[in-house]
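Remarks on the overall topology
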Amino acid sequence: MTFTLAIVGRPNVGKSTLFNRLVGRKLALVDDQPGVTRDLREGEARLFDLRFTVIDTAGLEEVTDDSLQGRMRRLTERAVDMADACLFLIDGRVGVTPSDEVFADILRRRNAHVILGVNKAEGRAGEAGVIDAWSLGLGDPVPLSAEHGEGMDDLYRILRPIAEQF
Ligand code: GDP
Ligand code: MG
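Residues numbered from 1 in each chain as written. Chains lettered and ligands numbered in written order. Predicted model: local features only at pLDDT ≥ 70, side-chain atom pairs only at ≥ 80, totals over all residues. Heavy atoms only, no water.

Let us look at the nonpolar core. Across soluble globular proteins, nonpolar side chains show a tendency to be buried alongside one another. Within the largest apolar cluster, 26 residues are counted, with the highest numbers of intra-cluster contacts made by F52 and L159. Those elements that provide at least two residues to this core are strand 1 (4-8), helix 1 (15-23), strand 2 (41-47), strand 3 (50-56), strand 4 (85-91) and helix 5 (152-163). Counting residues per element, this core draws most heavily on helix 5, at 6 residues. Apart from the residues within four sequence positions on either side, L159 is in contact with F3, L5, L47, L50, F52 and I115. Judged by nonpolar contacts, the second largest core, of 24 residues, contains M72, I90, A104 and I106. (Core = buried A, V, L, I, M, F, W, Y, C linked by side-chain atoms within 4.5 Å. Buried < 20%, exposed > 50% of the residue type's maximum accessible area, 1.4 Å probe, protein only. Helix = DSSP H or I, 4+ residues; strand = E, 2+ residues; numbered from the N terminus. Contact = heavy atoms within 4.5 Å.)

Turning our eyes to something else, we now look at the pattern of salt bridges. In total, this model carries 10 salt bridges according to the counting rule given. Its salt-bridge partner being E122, residue R93 comes within 2.7 Å of it at the nearest N-O pair. With R93 in the loop between strand 4 and helix 3 (98-109) and E122 in the loop between strand 5 (114-119) and helix 4 (127-133), this pair connects stretches of sequence that are 29 residues apart. With a relative accessible area of 18%, E122 lands in the buried category. (Salt bridge = Lys/Arg side-chain N within 4 Å of Asp/Glu carboxyl O.)

Attention now goes to helix 3. End to end, helix 3 covers 17 Å across 12 residues, agreeing with the expected 16 Å (1.5 Å per residue, within 8%). Within helix 3, the full set of buried residues consists of S99, D100, F103, A104, I106 and L107. Projected down its long axis, helix 3 shows its buried positions confined to an angular sector of 155 degrees, all on one face. The inward-facing, buried residues of helix 3 abut strand 1, helix 2 (70-82), strand 4 and strand 5. Positioned one or two residues after helix 3, N111 has a phi angle of 60 degrees, which is positive. (Expected span 1.5 Å × (residues − 1). Arc of directions from axis to C-beta.)

Inspection of the sheet shows strand 2 paired to strand 3 by 7 bridges, in the antiparallel sense. Opposite R41, over in strand 3, you have D56 as the bridge partner. What sits between strand 2 and strand 3 in their antiparallel hairpin is a turn of 2 residues, with F48 showing a positive phi close to 50 degrees. (Pairing = 2+ DSSP bridges.)

Between its terminal C-alpha atoms helix 2 stretches 18 Å, which fits the 18 Å expected from 13 residues at 1.5 Å a residue. All of the buried residues along helix 2 are M72, L75, T76, E77, A79 and V80. Where helix 2 is buried, its residues touch strand 1, strand 3, strand 4 and helix 3.

Residue N12 is not a glycine yet carries a positive backbone phi of 80 degrees. Inspection of the secondary structure puts N12 in the loop between strand 1 and helix 1. In this structure, N111 is a non-glycine residue whose phi angle is positive, near 60 degrees. Mapped onto the fold, N111 is located in the loop between helix 3 and strand 5.

Below, the structure written as structure tokens:
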């Protein structure tokens, strides 16, 4: 059986960028506009010597920072239920938003195994976001840059012991 990781979080935090990096192909759409990926996408991820299944959760058009459409919530719940663990991404340059808190709540209610990733943290750009992320109560935030490939070693160190159980 292979380990499945769902990448979840509000639109525009970099979920599809990370998915593409892990899968190594442009399977998921990446765009400057929030909500370009419309459904769940599955791919075979590779992170150093780890192989696992990764799910990219959808964004939706018309989802703003303050409102979270029911469909997006349901898709996230579906992904969480399909996965063995979730990588919950926030945007380290923006910090924790009300919709991040909604997602954190979904994950808590579903008792998901959560890894909290603070994306867009290349260089020192995510430092304030990392400090802010502690307020979500989801443990030790991991600074990442999906675009520049930073933090992949830390992600590996966290995922390896989880993946080895499968
Ligand atoms: P999604 O809606 O969560 O799937 O987000 P996307 O992967 O589509 O990315 C949204 C935007 O953020 C795009 O313009 C990406 O190029 C940008 N982005 C993604 N990851 C990073 C990162 O690590 N650093 C920076 N600076 N931008 C990023
Ligand atoms: Mg996307």
